[in-house]
Amino acid sequence: MPPKGHSSLGPSSAARWLSCPASVPLSERCPKDDTGSVYAAEGTAAHALAEIEARYELIDRNKGSYLKSIKRWESQYADDYSKEDMDRHIRKYIDQVRSALDSEDGSVLLLEQHMDTGIPGVWGTGDAVVISPRSIYVIDLKYGQGTPVNAIGNPQLRLYALGALNMFGDLLGTVETVTSTIVQPRLGSISSETLSVEDLLSWRDTEVFPVVREIDNGSMRFGPGESACRWCPVAGECRARRDFLVARDFSGDPDLLDDSEVGEELERLSQIRHWCDSLESVAFDRIYSQGRNIPGFKVVAGRGRRVISDPPAAIQCLIDHGFPAEKVAEFKIRPLGQLEKLIGRSEMPEILGQYIEKKDGKPSLVSDSDPRPPLDPTNSAILDFG
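Owing to the predicted nature of the structure, the values given are computational and were not obtained by experimental measurement. (Residues numbered from 1 in each chain as written. Predicted model: local features only at pLDDT ≥ 70, side-chain atom pairs only at ≥ 80, totals over all residues. Heavy atoms only, no water.)

Q: Got a minute to help me understand the sheet that holds strand β1 (residues 108-116) in this structure?
A: Strand pairs in the sheet, formed through backbone hydrogen bonds, run parallel or antiparallel to each other. Taken in spatial order, the 5 strands make up an open sheet running β1-β2-β3-β4-β5, and their pairing is mixed. Edge positions in the sheet fall to β1 and β5 (189-196), since each has one partner strand and no second. Each strand axis lies, on average, 25° off the axis of its neighbour in the sheet, ignoring direction. Summarising the sheet, strand β3 (residues 135-141) and strand β4 (residues 177-184) pair through 7 bridges and their orientation is parallel. What sits directly across from Ile136, in β4, is Val178. On top of the sheet, helix α5 (residues 83-101) reaches β1, β2 (123-131), β3, β4 and β5; it is set at about 175° to β3, its chief contact. (Pairing = 2+ DSSP bridges. Helix = DSSP H or I, 4+ residues; strand = E, 2+ residues; numbered from the N terminus. Axes fitted to C-alpha atoms, helices over the stretch in contact; angles between N-to-C directions. Contact = heavy atoms within 4.5 Å.)

As structure tokens, then:
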């Protein structure tokens, strides 16, 4: 029987918790960051627009409802994103959904569908689910421009497929296959995996249920690796990850690395870089946000930068001082260092001094040997670092 009673395990983080059960209780101890990233915000806007467009084109064709939805989208997102540009990209996703919908008579499209996998505590929301008499299609939009994501063997998509099968399989009669597709329009990437129902259920029984039982039973088994650690909330402070990355066998000849060894080390670079960034982020947060002491390190104001406070006025000022109008337009995109070369270092303060201001640099983590004084995080003046 499936396990019961554990905390929610999201399909989007399945690559982590399936490999590293210990990450679940450790992550729950971390403060929740509700601010999100600029990339997540962009993805949210793209998904909202994709749902509006797909619902209108593929489900109801209700023009009035569509226009109201677009108006709400524009009031929330238009200041930050171009609707035309975003719509151009999500066309590829909508075309993929349309193709699945047209693949078999009697197909039904569900958008932003809650997916209960039948595994207690494991659920999520699928972007698009097409229910057909013999097949189920799960289509996932990933709007980012980072690394291509492969649908083959992807646990997130497989769990969504399990959710669709669990919720609708009995209503359809005999479902033979489940196809999961990831569309990354800005990378030109479309990846799919088709599994028989038997294979999907076998994966659930042999690879998911056992791990969920482990988590229910309080397992502290670690499984560090690229897929498990990449988005883990404790990636920067996990001892198991540190040990995994630095554990090496140095018993060989103490000379130069051969070609195969160079290749092996290159494969580890992305994980090492990510760990270094995560570790620095943890140290920064502990010092600056939590007021803790990390021996040998402190947080200081970053080195400031000079900016033109009023570019149109500065350009007009240059014209008034005799600089050719046809050349001045180029100045607005030049760094101040280049402007000094064009205008002259000594003349710069006299001509443009009133339009030059220095902005504080972003707080940064440095060694205690750095001569700059540590920042006081209670000083609100340093929070607006531009």
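Q: Honestly, the nonpolar core in this entry has me stumped. Any pointers?
A: Among soluble globular proteins, nonpolar side chains are generally buried collectively. Counting 33 residues, the largest nonpolar core has Trp17, Ile119, Ile136, Leu159, Leu200 and Val208 as the members making the most contacts within it. Not counting residues within four places of it along the chain, the set of residues in contact with Leu200 comprises Arg158, Ala161, Leu162, Leu165, Val178 and Leu195. Among the nonpolar cores identified, the runner-up in size contains 29 residues, and Tyr56, Tyr77, Leu109 and Val130 belong to it. (Core = buried A, V, L, I, M, F, W, Y, C linked by side-chain atoms within 4.5 Å. Buried < 20%, exposed > 50% of the residue type's maximum accessible area, 1.4 Å probe, protein only.)

Q: Could you clarify how one ought to interpret the pairing of β5 in this entry?
A: Remember that side chains alternate between the two faces of the sheet whenever the strand is regular. Across the two faces of β5 the burial differs, with Ser189, Ser191, Glu193 and Leu195 buried and Ile190, Ser192, Thr194 and Ser196 not buried at all. As paired strands, β4 and β5 are joined by 8 bridges and run antiparallel to one another. Counterpart to Thr181 in the pairing with β5 is Ser192.

Q: Would you mind going over unusual backbone geometry with me for this structure?
A: With the exception of glycine, most residues fall at negative phi, and the peptide bonds are largely trans. The residue Arg61 is not glycine, and still its phi comes out positive at about 55°. With respect to the helices and strands, Arg61 occurs in the loop between α3 (38-60) and α4 (63-77). One non-glycine residue, Glu112, lies in the positive phi region at around 50°. Note that Glu112 resides in strand β1.

Q: Even after reading the chapter, I still don't get the side chain of Asp370, so can you show me in this structure?
A: Counting through the fold element by element, Asp370 comes out in the segment after β9 (364-367). Looking at Asp370, its side chain comes within polar contact range of the main-chain nitrogen of Arg372, at 2.9 Å. (Polar contact = N/O pair within 3.5 Å; in protein donor to acceptor, adjacent residues only side chain to side chain.)

Q: Help me understand empty space enclosed by the protein in this model?
A: Rolling a probe over the atoms, with the probe sized like a water molecule, indicates the empty space that remains. This structure, assessed with the given rule, holds 4 cavities of 30 Å³ or more. Approximately 90 Å³ is the volume found for the largest cavity. Residue lining of the largest cavity: 14 residues in total, with Cys20, Ser23, Cys229, Cys232 and Cys238 positioned closest to the centre. In the lining of the largest cavity, the residues fall into 11 nonpolar, 2 polar and 1 charged. In this structure, the second largest cavity spans a volume of roughly 50 Å³. Surrounding the second largest cavity, Gly225, Glu226, Cys229, Arg230, Arg241, Ser270, Gln271 and His274 form its lining. Counting only elements with at least two residues in the lining of the second largest cavity, the list comes to α8 (226-229) and α10 (259-289). Broken down by element, the lining of the second largest cavity gets its largest block of residues, 3 residues, from α10. Considered class by class, the residues forming the lining of the second largest cavity number 1 nonpolar, 4 polar and 3 charged. (1 Å grid on protein atoms, 1.4 Å probe; cavity = no way out; pocket = protein on both sides within 12 Å on 5 of 7 lines; lining within 4 Å. Points joined across faces, edges and corners; volume = space filled by probe spheres on them. Nonpolar A, V, L, I, M, F, W, Y, C, P; charged D, E, K, R; others polar.)

Q: Would you mind showing me how to read the environment of Arg305 here?
A: Looking at the element boundaries, Arg305 is found in strand β7 (residues 305-308). Taking the C-alpha atoms as reference, Arg305 lies 5.5 Å from Lys358; in sequence the two are 53 residues apart.

Q: What is the right way to look at the pattern of salt bridges in this model?
A: Using the criterion set out here, one finds 18 salt bridges in the structure. Measuring nitrogen to oxygen at the nearest pair gives 3.8 Å for the salt bridge that ties Glu53 to Lys83. Within this pair, whereas Glu53 is found in helix α3, its partner Lys83 is found in helix α5, the two being separated by 30 residues in sequence. Summarising the burial analysis for this pair, Glu53 and Lys83 share the class buried. In this structure, the salt-bridge partner of Arg268 is Glu265, at a minimum N-O distance of 2.8 Å. Linking Arg268 with Glu265, this pair stays in helix α10, spanning 3 residues, or about one helical turn. The buried category is assigned to Arg268, whose relative accessible area is 15%. (Salt bridge = Lys/Arg side-chain N within 4 Å of Asp/Glu carboxyl O.)

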